[in-house]
Number of protein chains: 2
Amino acid sequence: MNIVLLSGGSGKRLWPLSNDIRSKQFIKFFKNEELGDYESMIQIMYRQIKNIDKDAKITIATSKTQVSSIYNQIGRDVGVSIEPCRRDTFPAIALATSYLHDVQGIDENEAVVVCPVDPYVHEDYFEALKELHELAEKGDANLVLMGIEPTYPSEKYGYIIPNSKDDISYVKEFKEKPDIETARKYIENGALWNGGVFAYKLKYVLDRAHELIDFTDYEDLFDKYETLTKISFDYAVVEKEPEILVKRFKGEWKDLGTWNTLTEAMEETSIGKAILNDTCKNVHVVNELGVPVVCMGLTDVVVSASAQGILVSDKEQSSYIKPYVDGIDEQIMFAEKSWGSFKVIDVDDSSMTIKVTLNAGNKMNYHSHDLRNEIWNVISGEGTAIIDGMETPVKAGDVITMEAGCKHTIIAKTNLNLIEVQVGSEINAEDKHKFELEYK
Amino acid sequence: MNIVLLSGGSGKRLWPLSNDIRSKQFIKFFKNEELGDYESMIQIMYRQIKNIDKDAKITIATSKTQVSSIYNQIGRDVGVSIEPCRRDTFPAIALATSYLHDVQGIDENEAVVVCPVDPYVHEDYFEALKELHELAEKGDANLVLMGIEPTYPSEKYGYIIPNSKDDISYVKEFKEKPDIETARKYIENGALWNGGVFAYKLKYVLDRAHELIDFTDYEDLFDKYETLTKISFDYAVVEKEPEILVKRFKGEWKDLGTWNTLTEAMEETSIGKAILNDTCKNVHVVNELGVPVVCMGLTDVVVSASAQGILVSDKEQSSYIKPYVDGIDEQIMFAEKSWGSFKVIDVDDSSMTIKVTLNAGNKMNYHSHDLRNEIWNVISGEGTAIIDGMETPVKAGDVITMEAGCKHTIIAKTNLNLIEVQVGSEINAEDKHKFELEYK
């Protein structure tokens, strides 16, 4: 099975756990009892797809900012189709399809399922994806969609009106977000929510793409991506296609886009250090800091704390968070990188102190800064520092000082933690030059 | 005027701003418009007393743990009578009185006013203290008390029943915490709250002390302090004294011992970085972290964040905090020292990272550790490091490494900030040897 996961948006609706570079699909909210650890949405998706089909070829269509997090969380056994900028779902799906064909060499008669990375679903959803893939391969229709059995007359989803109430049916028409009364009528007549899942043979979307965009191959499309018109796949393709199949899906399917919906899906009252007294009702705490959160006498409240900040909100109100947090984070306080992660632990007038974690076998980019000196205090693990071409073994307790201009990296032999102290009058993320590293 | 401020308790009722070493009187809650900064209760007390009488001799009766904070916040122009352990108010006042006489050389016929450090009061209170001092000096009675004009029939205060409703009157009797109905009757008959303020001539309390305790002088009393019986000054002295004067005080006088009462006295909705949306009602935020707190849709809630943890509580509920926070702070995360302050910014398995601030002209103790190496990363300021007797000038960007066993200190020439990285398998506050520093 070929599958493309659409991994979008960097919204702050789950601030302070999401920030300008961590999207909600990378937040580790969900306890995996077997692993004894928490997983993110993208990790659950990846694991479940591999459970259903261990040979599934998974490609993630995303922006450049997410690539580090993807490699960090699911490793490198995954294709990544990078959108140079945001151009809505039609250009994104066209680019990913062309990536499968031209880069991964998948035959144009093979099928692919495209689905969003962030619905909250269980195993049955992945069985349904597989069935969609098979239907697309069979070729009774150019497009196969997933129709979610509605649980209430929602105003926020698009509706698919099928020809029949059968498990698999041809689509009669699409209806955009209706009012509640209209939604109720649709549902009585067997309408389904549009799950944003599309299955098709590569050739089908490549043909549509060539009709609408003047390009030769993946590379050409990538290069002119910025010039493309923003248009959704629904509008550019789905609504123009006369023969579409829809498969009904009756299992759990939730959009966990706000703190309110997300906390409903949490199995425990809290993640991280938290104490709630017995007068708390319907309170959830997600705490990524090392110190405890104490809650007393609260009702219907979510509390979340990270290096980025602290949210305390009535659950209903939490969906209106955007305007309050847009613009308050000048400084990214934590991020996952392909090689590990970092967290800002102190910011001062002319210094910044960062805790850096390198995963065993990984290294950060070989780089230099013009305007700041840096000091590495290794606090655990072993590795090799390379400073202006000189290799030095490092272990806990060692200190490496780097003047501005000096090229540096660390290669972690074991998991390695260090405290990086940056000193300089102008400290910013732009002051960075990357270099190729010659290292055997 | 001689004045003794009783600076007690290390309670956690204002956790996370109070911890095992920071008592509530040291938290900087109160905005001083003139200074453009926040002041603590002890700073307000000190400043107001000096305003009323610039020659006032102020002595603070306290425990050893508070001495650093006292010097940090009000400087060294203050006497400090250190109680070697907690033995209630009679031993504490006896020790302080004997300190005034034997250490400070104050004549036994001079008067002193003893008062708690933590009522929330204004200028008129200090005028009243001065009047108490004058009354004690005049000598119409052995003891002069302050009676607070009650604002409601409280069950939590002791009551003074005066002979008359005059501004100054002899005391008829004392009544311990009554029920509300009884309190109401007392108040109708002119009763006053006992403000815990005592004015007397030194000789009076020294005589009482010698009657009850077998000691020669201050030093002897200090040495046997641990053997003394716990007994309150009210019980040991006040209730046995037939002739006591009480002065009525009608001004503002509040006990800000809980988050609920404290936030009532806050002039602004928030201290520190905070965003409250317009659906918040009666919400107060006190945030000592560098990152913002965002509050949405809350009512009657206090949020407080420090390096120690985060409290989110219904205001009423906040008075029940003690059992929830007792025992959660194994690690002191911040403290004021006589020479500056520190804040723990990272804790890991075999390392701890601390931000240290030295005030200009100050130095930390010359000390060593057996079980950990330390690294100083100077991030701002200038000073002199002394490492095993060797002096080295240091400035921003400099690094000093100290192996276990090595003696070290820094003397700050200007305000100086450093990141101290401690590396070792057993890091604890007990692993510290102090040495005399020979430094010219």
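Everything numeric here is computed off the predicted structure, so don't read it as measured data.

Attention now moves to the packing of helix α1 (residues 41–52) of chain A against helix α4 (residues 123–138) of chain A. A pair of packed helices is captured by two measures, namely the crossing angle of their axes and the spacing between those axes. All names here are of chain A. For the pair α1 and α4, the least separation of the axes is 9 Å and the interaxial angle reads 60°. In this view, α1 runs oblique relative to α4, as classed from their interaxial angle. Seen from above, α1 lies across α4 with right-handed handedness. Contact residues: α1 offers M45, Q48, I49 and I52, while α4 offers E123, Y125, F126, E127 and K130. For the contact of α1 with α4, a count of residues per class yields 5 nonpolar, 1 polar and 3 charged.

Of the transformation placing chain A onto chain B, the axial shift is 0.0 Å and the rotation is 180°, giving an RMSD of 0.0 Å. On this basis, the relationship between the two copies can be described by a two-fold rotation axis. Across chain A, the rotation axis passes nearest the C-alpha of I345 of chain A, at a separation of 2.9 Å. A share of 100% of interface residues in chain A that are also interface residues in chain B marks the association as one of identical surfaces.

Our next topic: the interface of chain A and chain B. At the junction of the two partners, chain A supplies 52 residues and chain B supplies 52 residues. A buried area of about 3900 Å², summed over both sides, lies between chain A and chain B, and 68% of it is on carbon and sulfur atoms. For the pair chain A and chain B, the number of links is 4 salt bridges. In this structure, the salt-bridge partner of K355 of chain B is D348 of chain A, at a minimum N-O distance of 2.7 Å. Along the contact surface separating chain A from chain B lie 19 residue pairs in polar contact (both at pLDDT 80 or more). No other element matches the 6 residues that strand β19 (residues 309–314) of chain A contributes to the side of chain A that touches chain B. Grouping the constituent residues of the side of chain A that touches chain B by class yields 33 nonpolar, 14 polar and 5 charged. As paired strands, strand β17 (residues 293–296) of chain A and strand β19 (residues 309–314) of chain B are joined by 4 bridges and run parallel to one another. Looking at β19 of chain B, one finds that M296 of chain A is bridged to S313 of chain B.

In a regular helix each residue adds 1.5 Å, so 12 residues correspond to 16 Å; α1 of chain A covers 17 Å between its end C-alpha atoms and thus fits that length. Counting buried positions over the 12 residues of α1 of chain A gives 9, a clear majority of the element.

Further remarks concern the sheet that holds strand β22 (residues 351–358) of chain B. All names here are of chain B. Strand order in the open sheet formed by 6 strands is β20-β21-β22-β29-β24-β27, with antiparallel pairing between adjacent strands. Looking at which strands have only one partner, the edges of the open sheet turn out to be β20 (334–337) and β27 (399–402). When strand polarity is set aside, the average angle formed by the axes of neighbouring strands in this sheet is 20°. With 4 bridges connecting them, β20 and strand β21 (residues 340–348) associate as antiparallel partners. Residue K337 lies in a different strand from β21, and its bridge partner there is G340. Together, β20 and β21 form the strand contacts of helix α2 (residues 67–74), whose direction differs from that of β20 by roughly 65°.

Basis of the calculations
- Residues numbered from 1 in each chain as written.
- Chains lettered and ligands numbered in written order.
- Predicted model: local features only at pLDDT ≥ 70, side-chain atom pairs only at ≥ 80, totals over all residues.
- Heavy atoms only, no water.
- Axes fitted to C-alpha atoms, helices over the stretch in contact; angles between N-to-C directions.
- Helix = DSSP H or I, 4+ residues; strand = E, 2+ residues; numbered from the N terminus.
- Parallel < 35°, antiparallel > 145°, perpendicular 65-115°, else oblique.
- Left-handed = near helix turned anticlockwise from the far one by under 90°.
- Contact = heavy atoms within 4.5 Å.
- Nonpolar A, V, L, I, M, F, W, Y, C, P; charged D, E, K, R; others polar.
- Least-squares fit on C-alpha atoms with pLDDT ≥ 70 in both.
- Buried area = accessible area lost by both parts, 1.4 Å probe.
- Salt bridge = Lys/Arg side-chain N within 4 Å of Asp/Glu carboxyl O.
- Polar contact = N/O pair within 3.5 Å; in protein donor to acceptor, adjacent residues only side chain to side chain.
- Pairing = 2+ DSSP bridges.
- Expected span 1.5 Å × (residues − 1).
- Buried < 20%, exposed > 50% of the residue type's maximum accessible area, 1.4 Å probe, protein only.

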